[in-house]
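Spelled out, the chains give:
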Amino acid sequence: MTPHINAKENAFAKTVLMPGDPLRAKFIAENYLENVSLVTDVRNMYGYTGEYKGKKISVMGSGMGIPSISIYAYELFNFYGVENIIRVGSCGAYSDKLDLYDIVLAQGACTNSSFQENYHIPGTFSAIADFDLLLKAYNNAKDLGIEPHVGNVLSSDVFYQDDVNAWKKWQSMDVLAVEMESYALYTIAANLGKKALTILTVSDSLVTQKETTAEERQNSFTKMMEIALNL
Ligand code: HPA
């Protein structure tokens, strides 16, 4: 047990899928996994372990933002022997090449957060995905007939930005989209010698101002899950 996870030792598989929403974790467990059991429920941040195509796999909510995912990722990697965390989330498009429901594989993550100060690095840490996971996800997507976008994302500490044009600076650096967690996930994985990847579905666009509905998001979510579950 850890401060935020009340699962028994060895309750998690080596690979954990992490949606932001714990009810999404429940949905994945109930709809994609077999022989599933709930292994943790502290603060209703549900975690489940089951099987997919005969292989043990876990799924757990991360909550929103860097502080939340960093707590769960650290505890899973450090205390539960987890080796791979695959974040499955949503993002806002910064690039005009991205349409709603497109899939983004976050090759790297930039941030406006002070998270890296925790590590006292004498410079700027570039947070990157594990290459093997990235390559596999890319190939899985191609096999499913999906053309994923691969590149940088921004892990923002702020959802409601006071300067409504600030995102254009990130766009000018070819940052594809914004979300709120991957920088911390990748940095923690690097620090602990573990592997991480973020797979995102575009849920809104800063370029076109278009947004998806919750119901539509549910459908597009299936593509992302198939890429992630077959890693
Ligand atoms: N901003 C931050 N995080 C997000 C967004 C956004 O527009 N869309 C989905 N996750």
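The shown structure was predicted, so the numbers you read here are calculated from the model rather than taken from an experiment.

Chemist: Help me understand the overall build of the chain, please; the structure alone is not making it clear to me.
Modeler: Scanning the chain from terminus to terminus reveals six helices and ten strands. Whereas a compact globule of 231 residues would reach a radius of gyration of roughly 17 Å, the chain reaches 17 Å, a difference of no more than 12%. For the chain, the C-alpha atoms occupy an extent of roughly 45 × 45 × 30 Å along the three principal directions. Out of the 231 residues in the chain, the part that is buried amounts to 52%. For the chain, long-range pairs separated by at least 24 residues make up 76% of all intrachain contacts whose partners lie at least 6 apart in sequence. Surface accessibility of the chain: about 11400 Å² in total, with carbon and sulfur atoms responsible for 49%. Here the chain carries 19 positive and 27 negative side-chain charges, and the mean point of each set is 4 Å from the other.

Chemist: It is not clear to me how the UniProt feature "site: Important for catalytic activity" (unreviewed entry) in the chain should be interpreted in this structure. Could you clarify?
Modeler: Mapped onto this structure's residue numbering, the UniProt feature "site: Important for catalytic activity" (unreviewed entry) falls at Arg217. Tracing the backbone shows Arg217 in helix H6 (residues 214-229). Not counting residues up to four positions away in its chain, the partners in contact with Arg217 are Tyr101, Ser203 and Thr212.

Chemist: Looking at this structure, I do not really get the confidence of the model for the chain. What am I missing?
Modeler: Any segment with low pLDDT has predicted coordinates that should not be analysed in fine detail. Counting all residues, the mean pLDDT for the chain is 96, and 99% of those residues have values of 70 or more. Both scores are given for the predicted complex: the pTM is 0.97, the ipTM 0.95.

Chemist: Would you mind going over the state of the cysteines with me for this structure?
Modeler: When the sulfur atoms of two cysteines share a covalent bond, that bond is a disulfide. This structure, assessed with the given rule, holds zero disulfides. Looking at the unpaired Cys91, the closest cysteine sulfur is the one in Cys110, lying at 14 Å. Overall, the relative accessible area of 17% leaves Cys110 in the buried class.

Chemist: Got a minute to help me understand the site of the ligand in this structure?
Modeler: Close to the ligand lie Ser90, Cys91, Gly92, Phe159, Val178, Glu179, Met180, Ser203 and Asp204. Interatomic distance of 3.5 Å between a backbone N/O atom of Ser90 and a nitrogen atom of the ligand. Within the side chain of Asp204, one N or O atom sits 2.8 Å away from a nitrogen atom of the ligand. If the ligand stood free it would expose 260 Å²; the protein chains cover 86% of that surface. Among the detected pockets, the ligand sits in the largest pocket. Among the secondary structure elements, those contributing two or more residues to the shell around the ligand are strand S5 (84-93), strand S9 (177-179) and strand S10 (195-205). Taken together, the residues of the shell around the ligand break down into four nonpolar, three polar and two charged.

Chemist: Is there a simple way to think about the packing of aromatic side chains in this case?
Modeler: Centre distance and the angle of the planes are the two values used to describe a pair of aromatic rings. Applying the stated criterion across every chain, the model contains six aromatic pairs. Between Tyr74 and Phe79, the aromatic rings sit 6.1 Å apart at their centres with planes inclined by 75°, giving edge-to-face as the arrangement. Under the relative-accessibility criterion, Tyr74 is labelled partly exposed at 35%. Judged by centre distance (5.6 Å) and plane angle (35°), the ring pair of Tyr94 and Trp167 falls under tilted. Here Trp167 lies in helix H4 (residues 167-171) and Tyr94 lies in the loop between S5 and strand S6 (103-111), a separation of 73 residues in the sequence. Looking at Trp167, the relative accessible area reads 12%, which means it is buried. Against the face of Phe221 rests Arg24, its NZ or CZ located 4.0 Å from the ring centre.

Basis of the calculations
- Residues numbered from 1 in each chain as written.
- Predicted model: local features only at pLDDT ≥ 70, side-chain atom pairs only at ≥ 80, totals over all residues.
- Heavy atoms only, no water.
- Helix = DSSP H or I, 4+ residues; strand = E, 2+ residues; numbered from the N terminus.
- Rg over C-alpha atoms; globule rule 2.2 N^0.38 Å.
- Buried < 20%, exposed > 50% of the residue type's maximum accessible area, 1.4 Å probe, protein only.
- Contact = heavy atoms within 4.5 Å.
- Areas by Shrake-Rupley, 256 points an atom, 1.4 Å probe, with all protein chains shown as cover.
- Lys, Arg positive; Asp, Glu negative; His and termini not counted.
- Charge placed at Lys NZ, Arg CZ, Asp CG, Glu CD.
- UniProt positions renumbered as here; feature names shortened; annotations may be inferred.
- pLDDT = per-residue confidence, 0-100.
- Disulfide = S-S within 2.5 Å.
- Near = heavy atom within 4 Å.
- Polar contact = N/O pair within 3.5 Å; in protein donor to acceptor, adjacent residues only side chain to side chain.
- 1 Å grid on protein atoms, 1.4 Å probe; cavity = no way out; pocket = protein on both sides within 12 Å on 5 of 7 lines; lining within 4 Å.
- Sits in = over half its atoms within 2 Å of the grid points.
- Nonpolar A, V, L, I, M, F, W, Y, C, P; charged D, E, K, R; others polar.
- Phe/Tyr/Trp six-rings, centres within 6.5 Å; stacked < 30°, edge-to-face > 60°.
- Lys NZ or Arg CZ within 6 Å of the ring centre and 35° of its normal.

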